[in-house]
2 protein chains.
Amino acid sequence: MFRLKLRKVTILVLSFAISEVFAEDGYRLWLRYDLITNQEILKEYKTAIQSLYIEKQSPTLTVAKTELSMATKGLLGITLGSSGNASSHGTLILGTPSTSKLIASLKLDEQLASSGPEGYVIISADVKGKKCTIIAANNDVGVLYGTFHFIRLLQTQEHITSLAVQSVPRVKYRILNHWDNLDRTVERGYAGFSLWDWHKLPDYIDPRYYDYARANASAGINGTVVTNVNANAQALTPLYLEKFAALAAVFRPYGIRIYLTARFSAPVDIGKLQTADPLNDEVRQWWKNKIEEIYKYIPDFGGFVVKANSEGQPGPQNYNRTHADGANMLAAALAPYGGIVMWRAFVYDNKVPEDRAKQAYNEFKPLDGKFNANVLVQVKNGPIDFQPREPFHPLFGAMPSTPLMMEFQLTQEYLGYATHLVYLAPLFKECLDSDTFSKGKGSFVSEVIDGSLEDHRISGMAGVANIGNDRNWCGHPIAQANWYSFARLAWDPDLTADAIAAEWIKMTYSNQKEVVQTLTRIMMESRETTVNYMTPLGLHHIMGWDHHYGPAPWIKDKPRADWTSLYYHQADSVAIGFERSSKGSNAMGQYNPEVQRMYERVEDCPEEYLLWFHHVRWDHKMKSGKTLWEELCHRYYKGADDVRKMQGAWNSLQGKIDDDRFRQVRNLLAVQYKEAIWWRNACVLYFQTFSGKEIPTGLEKPDKTLEYYKSLEFPFAPGIRPRW
Amino acid sequence: MFRLKLRKVTILVLSFAISEVFAEDGYRLWLRYDLITNQEILKEYKTAIQSLYIEKQSPTLTVAKTELSMATKGLLGITLGSSGNASSHGTLILGTPSTSKLIASLKLDEQLASSGPEGYVIISADVKGKKCTIIAANNDVGVLYGTFHFIRLLQTQEHITSLAVQSVPRVKYRILNHWDNLDRTVERGYAGFSLWDWHKLPDYIDPRYYDYARANASAGINGTVVTNVNANAQALTPLYLEKFAALAAVFRPYGIRIYLTARFSAPVDIGKLQTADPLNDEVRQWWKNKIEEIYKYIPDFGGFVVKANSEGQPGPQNYNRTHADGANMLAAALAPYGGIVMWRAFVYDNKVPEDRAKQAYNEFKPLDGKFNANVLVQVKNGPIDFQPREPFHPLFGAMPSTPLMMEFQLTQEYLGYATHLVYLAPLFKECLDSDTFSKGKGSFVSEVIDGSLEDHRISGMAGVANIGNDRNWCGHPIAQANWYSFARLAWDPDLTADAIAAEWIKMTYSNQKEVVQTLTRIMMESRETTVNYMTPLGLHHIMGWDHHYGPAPWIKDKPRADWTSLYYHQADSVAIGFERSSKGSNAMGQYNPEVQRMYERVEDCPEEYLLWFHHVRWDHKMKSGKTLWEELCHRYYKGADDVRKMQGAWNSLQGKIDDDRFRQVRNLLAVQYKEAIWWRNACVLYFQTFSGKEIPTGLEKPDKTLEYYKSLEFPFAPGIRPRW
């Protein structure tokens, strides 16, 4: 009784300390280990977790041990002691059969046989007559992943007394792409500047690098590309290789490999060669030497991402070679070390007067089967460029002999920067769950990506990071969920967006049912809301010039037609939309016939893709019975209205979560509402100049003119491409 | 007995929470309110502080109340209730005579009469027979300053039962200058990027802005210049004025005003005028209108800092007008609103073949008496540019009819960026305590600055901020002390560097005697150590080109002679140093005769200024008996050796302070040692090419060649000037 009383007081003091002395600034991400207040579950955990048994230490197992110590200290308020022989109840047993005789004796062979190099099992078992929990894997990194899974069970207050978990990643390369420049600016970065403090590296190791690694490992990320795809060859000089090596040393115990971006012209830029022709012997030797040098700095270097012959970047086509020639040259030099090439399919040719949506397919489809075994072709989810909504990229399912890697964008270049609450997992899932029909019905994009459809040896998913040096990592507190959900989907594309949201909310905010339900609903609806106030009904690419901030459907007269908004919306006095059926560019023809059939007729094309695929008359009758013009207006207004509803729902959480983050998100939602009105008004007023029709009755008239919206300028909007 | 036991357990839990679950990342600066573990003092405090009485609330008093609540919750573990009538022991009574009848009745008239608009008194007194503590001032902001003083007493564990404190700031404008650009880069910034998230302002208010205001108010800062002196006129457009207004609203209750930098050519840049001639009527009207507009956004706008006709910035001389013409034009437009102009004296003319050290004096001395009453001339501490050591600027004491403002640099442009531990208060004090002899012996720089020497109505001190968006604000944990000590010295230039250090250490690290003593010693010796390994014996301006990182005494052949290193060290085979006596440039002649006499003869010039003032033979006999060459070498080696000693002293603190910050500083000291060796080797090897002499025996030979050091390049070193 005395002890119980004591504990109660302790809890009060602790929670005051958290709420008053430390600001809840979001730095801890989803790795929050605050004392569990549910006494019942706390008791269960304290019984089940009393000591830790690790037979043989390693850097990775030390990381697992440290994390478990932190987690149990925080969540349970206990100091987790080490057990010498696992001979008491409540022992956590961690290890691999090859480094632990105890694990080897537990007859886990069958489960481990199917767990692969990174999978794990978590099992409640009697060991020598004692109730223990076993976290076992074939390699230490699997044990670490299992440990984070186990901690997640505690954070989400699941029962842990009869566990029989097996988890194996579906995708081999689960990678963040940082578009971070050597001057610490971040292209399309809205959460401050680069985490990588290049100047202070390699000697000063920012403690934050460890927290970055913890967060990634906890969600299953196993690789990070630390430099921008718009690459600077100086990154491949010793000055920087030293710095990458220092980061690699931090990340290694967490199972995270470093990758770099290779500027294709590096042999000329820094190598003093006259050419970067991939079939030139000197060039090939230069890369061979350079890669040998890199592996001296970073023995487990992962490989390169390459953006070539795209948006001004040099590439093999400068020498009349193919993308395959370029990729294979690098791949051949990387192969002896186990490195890979991730060659981006995001290319478009400014000389070809062809629908930009078609160009990646046109260039890459003919190269299927021509890439070396350690090349992945990295394809964006849709055929244009990370728009709020795009159909899946037609390359998925079209290159059966090539492992295709998914590239999602977590940073919200086209989705309201870091001030809009947009949960992206529904966008990711929409693409992953799309059926390519490439091997008949049920040939989902997720199965192209995980390699299972064509039985590829390697597979990958890349997320363009939304991480910067803001105190809360992602600028918007809720944007952390985009990092987390990407990582979880890379591990298992079959997870659902709402399940991931609920899990993340429990870890990040609260296990209270009302918080979980309300915030899950807010998050799940947020992406559709954003589509509505930005680009409803299949509209796309109508944002501000260069910085991509805010609406600008009026952009025209730029160096390239396909950098303008007019090119994409094609509005005139009769109709709006890009005709991509056989009557138009026939981009639709790049999909399998079953997919084409879903989209080809205006009458039954799903309305969310209507203006993506068709040029449609303003008076076209929509499913709602409204004309297209009316429906377009209503969607824009609904988008803005739904932000207001989101504000209301968020406000209902006041007092149920900490005040600091409550106020931050409330403040950000006010910005989002303001900007939703901006998008709505600017777009409706602009398209009205074509439709010539009134804004439907019942919808409030914009309080500013189109000229006002056109006059807005943002000379220092963040995230634009570096100028060097 | 039971309660005592309980408390002990509580303390343990709390301290575990701090050390394990929350990283000690330095974010809290010196405003750390962790539970006091000294039971005796805790008891005293709990008796003396039981409730709070504030008769009439205001935004500033609400800030004081909130801060007191946080501080007492954290430090004492109590919830500070409000007292309705101040009728019990242990009441804290806060207020001003005009807003509190109780305060008015306490007969504090005499103390308050001498407290001015910002001063305060803190008095232990019997009020209606109850032991209370009174924090009173003439204005709310004085109460806030008194509150922070009171909290500081608790943090430093001073007794508080018989207080009779009066404190009045000596300097009127106590201002941080942020050299922050509109793209969030920071010129000479080494702690990440700008705190000001311009893109998200004005709508999104980063919680960090409040913590910035708290930190400043706690140390007495009352103004902040939020834009770079190398100014962009776009900052004066409504897009940005809205953002500044949002910041001003945050800072206002903390007694902090916003100032801006005015680009002199703004009437041309953004005003569509053909000229920026300060005597042109249209120009004058443009500024009048612009200033009226600014005050509409920010009613308590403080005024402008101007860098004109210096390093490429436009100014009145472009139109054959004087600095006074330029300053007075702005001052006239600001005067009706109470605004001021801080006109920088950091100018040098690239057409005049004159010792750069003389140019500011030459330009400004003749203008004494020609400035409007609301102009301060802002003078750097020394005549060159924030070198590790400079003699005081000859303008101090030379412009009796003009209020001169001090400009110190907190950001370590020339002092090892944010990786070197250099406590700058000794540098500040060296200047402030210098005797100008302008009104006879005892005419200290500090008395020029605080206005007392010539009885000026206004006075000011500016510190070029070392603050960025790094989690620990200043990059180096110890660099926070430079921000703090600048602020404290602006309040009272007579405080000593070691007393401020001890105070800061107690608040920031620990009240343990050993920690305070050891760290005070480390800090107090750090600046001299840095001078030794960088620029001993009066050397100056021999750092890397443009970025100013690392040693580069070999810099020559640049667009201007006085941007090279050779210009400053003047080394040849016979001698080294810049002759500034009457035998040379006679920069010495700008000082009063008494000062000149201290420096004019090589024989008795203080050795720390020897090569600043004299060109001295390599075989000159120093006080140590060594030749100049030998002494120079020994100083460089001593500098590096003393860093190693500093490392040893720091290591002795392990376990006595938190591990997180202990490790960070240990890591940074390793960088500092490496770079001290770099400075030492590069400089000794380079100067050896002139002296032609061996490195003295007993000193280890550099392990790298001069060519190696010359070959080092840092293409993306942080903090260089913006290119637009």
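Conventions used here
- Residues numbered from 1 in each chain as written.
- Chains lettered and ligands numbered in written order.
- Predicted model: local features only at pLDDT ≥ 70, side-chain atom pairs only at ≥ 80, totals over all residues.
- Heavy atoms only, no water.
- Helix = DSSP H or I, 4+ residues; strand = E, 2+ residues; numbered from the N terminus.
- Rg over C-alpha atoms; globule rule 2.2 N^0.38 Å.
- Buried < 20%, exposed > 50% of the residue type's maximum accessible area, 1.4 Å probe, protein only.
- Contact = heavy atoms within 4.5 Å.
- Areas by Shrake-Rupley, 256 points an atom, 1.4 Å probe, with all protein chains shown as cover.
- Lys, Arg positive; Asp, Glu negative; His and termini not counted.
- Charge placed at Lys NZ, Arg CZ, Asp CG, Glu CD.
- Salt bridge = Lys/Arg side-chain N within 4 Å of Asp/Glu carboxyl O.
- Pairing = 2+ DSSP bridges.
- Axes fitted to C-alpha atoms, helices over the stretch in contact; angles between N-to-C directions.
- Parallel < 35°, antiparallel > 145°, perpendicular 65-115°, else oblique.
- Left-handed = near helix turned anticlockwise from the far one by under 90°.
- Nonpolar A, V, L, I, M, F, W, Y, C, P; charged D, E, K, R; others polar.
- Phe/Tyr/Trp six-rings, centres within 6.5 Å; stacked < 30°, edge-to-face > 60°.
- Lys NZ or Arg CZ within 6 Å of the ring centre and 35° of its normal.
- Expected span 1.5 Å × (residues − 1).
- Right-handed = clockwise from strand over helix to strand, strands pointing away.

**Concerning the overall build of chain A**
Part 1: The helix and strand tally for chain A stands at 23 helices and 16 strands.
Part 2: A compact globule built from 724 residues should have a C-alpha radius of gyration of about 27 Å, and chain A, at 26 Å, falls within 12% of that.
Part 3: Considering only C-alpha atoms, chain A reaches an extent of 80 × 70 × 50 Å along its principal axes.
Part 4: Classification of the 724 residues of chain A by burial places 66% in the buried group.
Part 5: In chain A, the proportion of contacts linking residues at least 24 apart, taken out of those at least 6 apart, comes to 73%.
Part 6: Approximately 25,400 Å² of chain A is accessible, and the part contributed by carbon and sulfur atoms is 50%.
Part 7: Positive and negative side-chain charges of chain A, numbering 81 and 80 respectively, have mean locations separated by a distance of 4 Å.

**Quick notes on the pattern of salt bridges**
Residue and element names in this part refer to chain A.
Part 1: Tallied over the full model, the rule gives 93 salt bridges over all chains.
Part 2: Arg389 serves as the salt-bridge partner of Glu528, at 2.8 Å between the closest nitrogen and oxygen. Of this pair, Glu528 sits in helix α17 (residues 513–534) while Arg389 sits in the loop between β12 (375–380) and β13 (404–409), and the two are 139 residues apart along the sequence.
Part 3: On the basis of relative accessibility, which here comes to 33%, the residue Glu528 falls in the partly exposed class.
Part 4: By relative accessible area, Arg389 is classed as buried at 6%.
Part 5: For Lys656, the salt bridge identified is with Glu514, shortest N-O distance 3.6 Å. Placement of Lys656 in the loop between α21 (628–651) and α22 (659–691) and of Glu514 in helix α17 is noted, with a sequence separation of 142 residues between them.

**Focus: the sheet that holds strand β2 (residues 81–82) of chain B**
All names here are of chain B.
Part 1: The sheet built from six strands is open, its strands ordered β2-β1-β3-β5-β4-β6 with mixed pairing. The sheet is open, and its two edges are formed by β2 and β6 (164–167), each paired on a single side.
Part 2: The pairing of strand β1 (residues 51–54) with β2 spans two bridges and is parallel. Its bridge partner being in β2, Ser51 is matched across the sheet by Gly81.

**Section: the packing of helix α15 (residues 480–491) of chain A against helix α16 (residues 497–508) of chain A**
Each pair of packed helices can be summarised by the angle the axes make with each other and by the distance between the axes.
Residue and element names in this part refer to chain A.
Part 1: For the pair α15 and α16, the least separation of the axes is 10 Å and the interaxial angle reads 125°. Judged on the interaxial angle alone, α16 and α15 are oblique. For the pair α15 and α16, the crossing hand works out as right-handed. Here α15 contributes Gln480, Ala481, Tyr484, Ser485, Arg488 and Leu489 to the contact with α16, which in turn contributes Ile500, Glu503, Trp504, Met507 and Thr508.
Part 2: Taken together, the residues of the contact of α15 with α16 sort by class into six nonpolar, three polar and two charged.

**Comments concerning the packing of aromatic side chains**
Part 1: Considering all chains together, one arrives at 89 aromatic pairs over all chains under this definition.
Part 2: Judged by centre distance (6.0 Å) and plane angle (40°), the ring pair of A:Tyr120 and A:Trp491 falls under tilted. Taken together, the positions of A:Tyr120 in strand β4 (residues 120–127) and A:Trp491 in helix α15 put the pair 371 residues apart, joining distant regions of the chain. Both residues of the pair, A:Tyr120 and A:Trp491, count as buried.
Part 3: Counting every residue linked through ring pairs, the aromatic cluster contains A:Tyr27, A:Trp30, A:Trp196, A:Tyr209, A:Tyr212, A:Phe251, A:Trp473, A:Trp483 and A:Tyr484.
Part 4: Just above the ring of B:Tyr27 sits the side chain of A:Arg471; from NZ or CZ to the centre is 3.4 Å.

**Brief notes about the environment of A:Tyr609**
Residues and elements named next belong to chain A.
Part 1: Tracing the sequence through the fold places Tyr609 in the loop between α19 (593–599) and α20 (610–613).
Part 2: Given the relative accessible area of 8%, Tyr609 is considered buried.
Part 3: Sequence spacing of Tyr609 and Pro391 is 218 residues, and the spatial spacing of their C-alpha atoms is 7.3 Å.
Part 4: Apart from residues no more than four positions distant in its own chain, Tyr609 is found in contact with Arg389, Glu390, Pro391, Glu430, Leu537, Gly538 and Tyr599.

**Let's talk about the environment of B:Ile458**
All names here are of chain B.
Part 1: The topology assignment puts Ile458 in the loop between α14 (445–449) and β14 (460–464).
Part 2: It is 7.8 Å that separates the C-alpha atoms of Ile458 and Asn374, two residues lying 84 residues apart in sequence.
Part 3: Excluding residues within four positions of it along the chain, Ile458 makes contact with Lys172, Tyr173, Ala373, Asn374, Val375, Leu376 and Pro403.

**Describing the sheet that holds strand β10 (residues 303–306) of chain A**
Residues and elements named next belong to chain A.
Part 1: Ordered by their spatial adjacency, eight strands build a closed barrel running β7-β8-β9-β10-β11-β12-β13-β14, and the pairing between neighbours is parallel. When the angles between neighbouring strand axes are averaged without regard to direction, this sheet yields 25°.
Part 2: Here β13 runs beside strand β14 (residues 460–464); their pairing, made up of four bridges, is parallel. Within β14, the position partnered with Phe408 by the bridge is Gly463.

**Regarding the side chain of A:His541**
Residues and elements named next belong to chain A.
Part 1: Among the structural elements, His541 can be located in the loop between α17 and α18 (566–569).
Part 2: Judged by its relative accessible area of 7%, His541 falls in the buried class.
Part 3: Sequence-distant contacts of His541, that is, excluding residues within four places in its chain, are made with Arg356, Ile384, Gln387, Asp562, Trp563, Thr564, Ser565 and Tyr568.

**A word on unusual backbone geometry**
Part 1: A cis amide bond links A:Leu201 to the next residue, A:Pro202, at an omega of 5°.
Part 2: Tracing the backbone shows A:Pro202 in the loop between β7 (173–177) and α7 (207–219).
Part 3: You will see that B:Lys272, though not glycine, has its phi angle at about 65°, which is positive.
Part 4: Within the fold, B:Lys272 resides in the loop between α9 (266–269) and α10 (281–297).
Part 5: Given the relative accessible area of 76%, B:Lys272 is considered exposed.

**Quick notes on helix α16 (residues 497–508) of chain B**
Residues and elements named next belong to chain B.
Part 1: In this model α16 runs 16 Å from its N-terminal to its C-terminal C-alpha over twelve residues, within 8% of the 16 Å that 1.5 Å per residue would give.
Part 2: With nine of twelve residues buried, α16 is to be regarded as a mostly interior element.
Part 3: Among the residues of α16, Ala497, Ile500, Ala501, Ala502, Glu503, Trp504, Ile505, Met507 and Thr508 are the ones counted as buried.
Part 4: Here the buried face of α16 lies against α6 (140–155), α13 (425–432), α15 (480–491), α17 (513–534) and α22 (659–691).

**Quick look at the pairing of strand β9 (residues 257–261) of chain B**
All names here are of chain B.
Part 1: In terms of burial, β9 is a largely internal element, four of the five residues being buried.
Part 2: As paired strands, strand β8 (residues 223–225) and β9 are joined by three bridges and run parallel to one another. Within β9, the residue paired with Gly223 across the bridge is Arg257.
Part 3: After leaving β8, the chain enters helix α8 (residues 238–251) and then returns to the sheet as β9, a path that is right-handed.

**Looking at the side chain of A:Glu44**
Part 1: Its place among the elements puts A:Glu44 in helix α2 (residues 39–48).
Part 2: Contact partners of A:Glu44, with chain neighbours within four places excluded, come to A:Glu158, A:His159, A:Ile160 and A:Thr161.

**Focus: the environment of A:Tyr337**
All names here are of chain A.
Part 1: Along the polypeptide, Tyr337 turns up in the loop between α11 (323–334) and β11 (340–344).
Part 2: Judged by its relative accessible area of 35%, Tyr337 is partly exposed.
Part 3: Taking the C-alpha atoms as reference points, Tyr337 and Gln387, separated by 50 residues in sequence, lie 37 Å from one another.
Part 4: Discounting residues that sit within four places of it in the chain, Tyr337 has contacts with Ile291, Glu292 and Tyr295.

**So, the pairing of strand β6 (residues 164–167) of chain A**
Residues and elements named next belong to chain A.
Part 1: Taking every second residue as pointing to the same face, the buried face of β6 carries Val165 and Ser167, while none of Ala164 and Gln166 on the other face is buried.
Part 2: Here β4 pairs with β6 via four bridges, running antiparallel. Opposite Ile123, over in β6, you have Ala164 as the bridge partner.

Limitation: the analysis is restricted to geometry and does not speak to function.
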